[in-house]
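Examining the three-dimensional arrangement
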Amino acid sequence: MKPRVICLMASSVDGRTLHSRWRPKGSTAELFERVHDELAGDAWLVGRVTGQEFAKGKPYPASTNESLPREPWFARRQAAAYGVVLDAHGKIGWGRSDIGGDPIVAVLSEAVSDAHLVGLRNEGLSYIFAGKSELDLALALDILNRELGVKRLLLEGGGGTNGAFLRAGLVDELNLILCPAVDGAKGAPSVFDSTDADGDRRAPITAMTLESSRALEGGAMLLRYAIQNGNIQAETGR
């Protein structure tokens, strides 16, 4: 069973998400955290680049004598919420086991080395596998629901990760904090993004319905959209 996936992002009025480039300058962290708490997810999920920003450690040793099965391993269950990070090729050395008290769960491909798995276990990080060499996002959601009881997941970037979930037809709702600032420059990351290979692949969205809008401090707006997805193959040809 797929959890309900709610994308939560803060952007400038031109849809950009790199806050340091915004003008006028301002802080959105407090607004974001407040809405994050209001949405009350069982888990939140980010991609590898965003996840790396939370890491405090160095890469794990390159080799080990241990051989570990490619099956889920959990250092902790029954948490109020989990911090889920996509790391298909096992590049992040964490140096921590939680983010803000939420236990970290790494989503890996089966191509990850045994040495990386040993490093995760030694630091008390949980992990699951969702694909042979590349990640199957739908499978990852299914495992999070089945193994950890995740029913409500907050998808929080970056744009490449958000875009991958969107193109897979897995996003049910968008909560966008629209901030009174402009980026205005080419090349900045956006709320939903893609690789060059996926640039022509369209999301299977058939409707977006504005469920609510709310003014926040400093001229920001919270826009909540319900997303209706159609048949993925029919919409994308894949």
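Residues numbered from 1 in each chain as written. Predicted model: local features only at pLDDT ≥ 70, side-chain atom pairs only at ≥ 80, totals over all residues. Heavy atoms only, no water.

**Regarding the overall build of the protein chain**
If you tally the helices and strands in the protein chain, you get six helices and 10 strands. The C-alpha atoms of the protein chain give 18 Å as radius of gyration, which agrees with the globular expectation for 238 residues (18 Å, within 12%). For the C-alpha atoms alone, the extent of the protein chain along its principal axes is close to 55 × 40 × 35 Å. Considering the protein chain as a whole, with its 238 residues, one finds that 47% of them fall into the buried category. Sequence-distant contacts in the protein chain: of pairs separated by 6 or more residues, those separated by 24 or more amount to 73%. For the protein chain, the computed accessible surface area is about 11700 Å², with 49% contributed by carbon and sulfur atoms. Computed over 27 positive and 30 negative side-chain charges, the separation of the two mean positions in the protein chain equals 2 Å. (Helix = DSSP H or I, 4+ residues; strand = E, 2+ residues; numbered from the N terminus. Rg over C-alpha atoms; globule rule 2.2 N^0.38 Å. Buried < 20%, exposed > 50% of the residue type's maximum accessible area, 1.4 Å probe, protein only. Contact = heavy atoms within 4.5 Å. Areas by Shrake-Rupley, 256 points an atom, 1.4 Å probe, with all protein chains shown as cover. Lys, Arg positive; Asp, Glu negative; His and termini not counted. Charge placed at Lys NZ, Arg CZ, Asp CG, Glu CD.)

**Focus on the environment of Ala-203**
With respect to the element layout, Ala-203 can be found in the loop between strand 8 (173–178) and strand 9 (205–215). When the C-alpha positions of Ala-203 and Leu-155 are compared, they lie 16 Å apart, and in sequence the two are 48 residues distant. Each residue touching Ala-203, except ones within four places of it in the same chain, is listed here: Leu-166 and Arg-167.

**Describing the packing of aromatic side chains**
Scanning the entire structure with this criterion turns up three aromatic pairs. Measuring from centroid to centroid gives 6.0 Å for Trp-73 and Tyr-127, while their planes differ by 25 degrees, and the two rings are stacked. With a gap of 54 residues between them, Trp-73 in the loop between helix 2 (48–52) and strand 3 (82–86) and Tyr-127 in strand 6 (residues 126–129) connect regions that are remote in the sequence. Using a relative accessible area of 24% as the deciding quantity, one classes Trp-73 as partly exposed. Judged by its relative accessible area of 0%, Tyr-127 falls in the buried class. Through a chain of ring-to-ring contacts, the aromatic side chains of Trp-73, Tyr-127 and Phe-129 assemble into a single cluster. (Phe/Tyr/Trp six-rings, centres within 6.5 Å; stacked < 30°, edge-to-face > 60°.)

**Some thoughts on unusual backbone geometry**
Residue Pro-24 is bonded to the preceding Arg-23 through a cis peptide linkage, with omega at 0 degrees. With respect to the helices, strands and loops of the structure, Pro-24 is situated in the loop between strand 1 (4–11) and helix 1 (29–39). A cis amide bond links Gly-157 to the next residue, Gly-158, at an omega of 0 degrees. Considering the arrangement of structural elements, one finds Gly-158 in the loop between strand 7 (152–155) and helix 5 (159–167). Positive phi values are uncommon outside glycine, yet Ala-40 reaches one of about 50 degrees. Mapping Ala-40 onto the fold places it in the loop between helix 1 and strand 2 (43–46). One non-glycine residue, Gln-78, adopts positive backbone phi at about 65 degrees. By secondary structure assignment, the location of Gln-78 is in the loop between helix 2 and strand 3.

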